[in-house]
Amino acid sequence: MAERPEDLNLPNAVITRIIKEALPDGVNVSKEARRAISQAASVFVLYATSCANNFAMKAKRKTLNAGDVLAAMEEMEFERFLEPLKEALEVYKKGQKGKKEVSEQKRKDKEKKNDSENDKSREEEEEEEDRMEEEPEAENEAEEEEVEN
C-alpha cells in the first residue's frame, strides 16, 4: 500500500497527456515541472483515497464507492469539482451499462448460434441414423431377391 507520494508513481505518459490536454498549444513543460505535477497528483490521490476511506469506515464498509469519493471531495473543499465529477460518473455509468447490454446481447446471440448448431447436428445425426437403418433393409431386400432367383 502506497502511504507516501514516493511510493505512488503515476505513469509519466498519463501525466504528460493530462498536462498537454490542460494547456494551450505551444506551451512547453520542463521535466522538473512534469515531475512536480506528478508528485502533486500522487499526493492528491493519496489524500482523496484516505478521506474517502474514512467515509466508508464510518459506514462500516470496506469498499469505497463513488459517494465516498464525492463526500471526500467536499470535505477537501473541492466543491467546484463535484458537478463535473458527477457528470463524468454518469457518463461512465451509461457507458458501462451500454457495454453490459452489448455483452449480454453477444452472449444471447452466441447461445442462439450454439442452439442452432446443436439442432443442425441433431438433424444430421438423425438423418445418418435413418440412412444406416435404410441400408441394411436395402441389403436384406437385395439378398432376398438373390435367394429367390
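- Looking at an unreviewed UniProt entry, the protein chain carries the name DNA polymerase epsilon subunit 3, with the source organism given as Lates calcarifer.
- Quoted straight from UniProt, the Subcellular location (unreviewed entry) entry for the protein chain says "Nucleus".

## Regarding the side chain of Ser 38
At step 1: Structurally, the position occupied by Ser 38 is in helix 2 (residues 31-58).
At step 2: If sequence neighbours within four positions are ignored, Ser 38 has contacts with Leu 10 and Ile 15.

## Concerning unusual backbone geometry
At step 1: Even without being glycine, Lys 60 reaches a positive phi, approximately 60°.
At step 2: Within the secondary structure layout, Lys 60 lies in the loop between helix 2 and helix 3 (66-75).
At step 3: The phi torsion at Glu 77 lies on the positive side, around 65°, for a residue other than glycine.
At step 4: If you trace the backbone, Glu 77 turns up in the loop between helix 3 and helix 4 (82-148).
At step 5: Looking at Glu 77, the relative accessible area reads 64%, which means it is exposed.

## Some thoughts on a negative patch on the surface
At step 1: On the surface, Glu 123, Glu 124, Glu 125, Glu 126, Glu 127, Glu 129, Asp 130 and Glu 133 cluster together into a negatively charged patch.
At step 2: Within the element layout of this structure, Glu 123 appears in helix 4.

## Some details on the side chain of Asp 68
At step 1: Along the chain, Asp 68 falls in helix 3.
At step 2: The exposure class assigned to Asp 68 is buried, which follows from its relative accessible area of 4%.
At step 3: Excluding residues within four positions of it along the chain, Asp 68 makes contact with Ala 52, Phe 55, Ala 56, Arg 61 and Thr 63.

## Some remarks on the packing of aromatic side chains
At step 1: Under the criterion given, the structure shown has two aromatic pairs.
At step 2: When the centroid spacing of 5.4 Å and the interplanar angle of 85° are considered together, the rings of Phe 44 and Phe 78 count as edge-to-face. Taken together, the positions of Phe 44 in helix 2 and Phe 78 in the loop between helix 3 and helix 4 put the pair 34 residues apart, joining distant regions of the chain.
At step 3: For Phe 44, a relative accessible area of 32% gives the class partly exposed.
At step 4: A relative accessible area of 28% means that Phe 78 is categorised as partly exposed.
At step 5: When the ring of Phe 78 is compared with that of Phe 81, the centres are 5.7 Å apart and the planes differ by 45°; the resulting orientation is tilted.
At step 6: Taken together, Phe 44, Phe 78 and Phe 81 form an aromatic cluster joined through their ring pairs.
At step 7: Here the basic side chain of Lys 58 rests over the ring of Phe 55, its NZ or CZ set 5.2 Å away from the ring centre.

Cut-offs used in this document
- Residues numbered from 1 in each chain as written.
- Predicted model: local features only at pLDDT ≥ 70, side-chain atom pairs only at ≥ 80, totals over all residues.
- Heavy atoms only, no water.
- UniProt positions renumbered as here; feature names shortened; annotations may be inferred.
- Helix = DSSP H or I, 4+ residues; strand = E, 2+ residues; numbered from the N terminus.
- Contact = heavy atoms within 4.5 Å.
- Buried < 20%, exposed > 50% of the residue type's maximum accessible area, 1.4 Å probe, protein only.
- Patch = residues over 30% accessible without salt bridge, like charges linked within 9 Å, V, L, I, M, F, W, Y side chains within 5 Å.
- Areas by Shrake-Rupley, 256 points an atom, 1.4 Å probe, with all protein chains shown as cover.
- Salt bridge = Lys/Arg side-chain N within 4 Å of Asp/Glu carboxyl O.
- Lys, Arg positive; Asp, Glu negative; His and termini not counted.
- Charge placed at Lys NZ, Arg CZ, Asp CG, Glu CD.
- Phe/Tyr/Trp six-rings, centres within 6.5 Å; stacked < 30°, edge-to-face > 60°.
- Lys NZ or Arg CZ within 6 Å of the ring centre and 35° of its normal.

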